[in-house]
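Okay, here's what each chain looks like letter by letter:
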Amino acid sequence: MKDFWITNNSSLLDRPHHKGFLDHIGVDISGSPMNEQIKRCHNAAVRALGKPNWPSYYKLMEPNSVKFMAALYEKGQNGASTMDMYPWLRQMMLDLTLNITYAARAGDFDDELTNRLLNSLYEITEVRGSTATFRHFVPFLRMWPEKMSKVMAAAKERQRCIDILYGQYLQKVADGEKPQCIVSSLSADKLSIDELHGTCMSLLQAAPDTVSSGVYQCVAWLCSPTGQPFQVEALKAILNAYDGDREKAWEMAFREERVELISSLYKETRRFFATTPFNNRRASQDINLYGTTIPQGMQVTMNIQAVNHDPEHYGLDAYTFKPDRFLGNTTPLPHLSFGTGGRICPAYIISNRIMYAVLTRLLLAFEMNQVEGTRLPSTDMIDFSDAYGLVALPRLYDCAFVARDEVWLKNMLASSV
């Protein structure tokens, strides 16, 4: 793993051209071959999502998480009804990412636009970075013209939604507002209009599924019989870190990572449930490894599932979910789920903080339990998904969310609006 993917990373920054996909999607900083345009967009995204800009994003993250917690409490009738939290997770992440990218606020778009955009993102995610469509990889199959495919239709629908959001952004600027968002910061990077939209759409494409899938699979384990006792341990660690002050722990969830056990929990979730299971690269120059030469231009596939469960690196318990695995371990690369080097996900640091914060607030707010007779969570390290593209979408399950202290939770939800 280390000798090939990390030591030789600078020779593996390129990607194969995904014909029939990128031709319709346009600029995609995660899935496109490496060129000067993709470098510009990737570097601009990294700067826009860097820690110096986080304080301006807190005011967007916190209310979105409150809406999510309120939905779990109200729709689940305080645990009386089991519910699938994934649609609400994706809605929270979409709202947040629209805020961060195009400064779209509640009221700027209705449920119809939200659903159209979410559906188009989902259709693209199923194909993005996958081998699901053979004509994308077999030239012979491209001899016949392609009719309107799901990807083509989804790309057109996604663009229609983005045009509306960008028009609203321009109107705010014309009205004298100074929106704090990525579009504003990317404009300073002098990106073309296609590059600007491509960068924002790449983030919009990834966030609702990568972050949501991570939180979703973590809760799948937490609400299982194996994970339920750990909820008590995790809550104790949170309260100990803040001297028993629940309000302070809630308030600071997005602003710091004080609870090492929760940091270890999200890292282990990312390692064990590789929601980005495979990563296709292409050698940009000859690579000599153990007496074998991998020629320039050859496609190679990073099997992230295998790397993340390598017993030689993680020990004999690599196939076991251990939430405390990374206690005291400050390695900057605890897994390869976000990739590595120059093609690492530009949003990986802020994604980690969002996951930490959402898990912290969930543990403060609820006891999470699976219920027999409903759809049970899948916690197998491989078989947790039915869809394997660039993102493995988790298998759906039901969970009961019961307020640990109903009066306290209602007060926090009311005061945080």
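All of these numbers come straight from a predicted model, not from anything done at the bench.

Caption draft 1: Examining helix 9 (residues 193–222) more closely. Taking 1.5 Å of rise per residue, 30 residues should cover 44 Å, and helix 9 covers 43 Å from first to last C-alpha, within 8% of that figure. The sharpest bend along helix 9 measures roughly 35° and falls at Ala207, with the proline Pro208 sitting one to four residues further on. Counting buried positions over the 30 residues of helix 9 gives 28, a clear majority of the element.

Caption draft 2: Seen up close, unusual backbone geometry. Of note in the backbone geometry, Asn78 takes a positive phi value of approximately 55° without being a glycine. Along the polypeptide, Asn78 turns up in the loop between helix 4 (54–75) and helix 5 (86–102). One non-glycine residue, Asp243, adopts positive backbone phi at about 50°. Structurally, the position occupied by Asp243 is in the loop between helix 10 (228–241) and helix 11 (246–251).

Caption draft 3: Seen up close, the packing of aromatic side chains. Inspection of the entire model under this criterion finds 14 aromatic pairs. When the ring of Phe4 is compared with that of Trp5, the centres are 4.7 Å apart and the planes differ by 70°; the resulting orientation is edge-to-face. Owing to a relative accessible area of 7%, Trp5 belongs among the buried residues under this scheme. Pairing Phe273 with Phe384 gives two aromatic rings, centres 5.5 Å apart and planes at 80°, and the pair type is edge-to-face. Here Phe273 is found in the loop between helix 12 (260–272) and strand 1 (278–282), whereas its partner Phe384 is found in the loop between strand 5 (366–369) and strand 6 (385–388), with 111 residues between them in sequence. Classification of Phe273 as buried rests on a relative accessible area of 1%. A relative accessible area of 0% means that Phe384 is categorised as buried. One aromatic cluster is present, built from ring pairs that chain together Trp221, Phe230, Phe272, Phe273, Phe321 and Phe384. Taking NZ or CZ as reference, Arg271 lies 5.0 Å from the ring centre of Tyr314, over its face.

Caption draft 4: Broad picture of the side chain of Gln205. The topology assignment puts Gln205 in helix 9. Classification of Gln205 by relative accessible area gives buried; the value is 2%. For Gln205, the side chain forms a polar contact with the side chain of Arg158, separated by 3.0 Å.

What counts, and at which threshold
Residues numbered from 1 in each chain as written. Predicted model: local features only at pLDDT ≥ 70, side-chain atom pairs only at ≥ 80, totals over all residues. Heavy atoms only, no water. Helix = DSSP H or I, 4+ residues; strand = E, 2+ residues; numbered from the N terminus. Expected span 1.5 Å × (residues − 1). Bend = angle between axes of the 7 residues up to and from the residue. Buried < 20%, exposed > 50% of the residue type's maximum accessible area, 1.4 Å probe, protein only. Phe/Tyr/Trp six-rings, centres within 6.5 Å; stacked < 30°, edge-to-face > 60°. Lys NZ or Arg CZ within 6 Å of the ring centre and 35° of its normal. Polar contact = N/O pair within 3.5 Å; in protein donor to acceptor, adjacent residues only side chain to side chain.

Read these as spatial facts, not as claims about activity.
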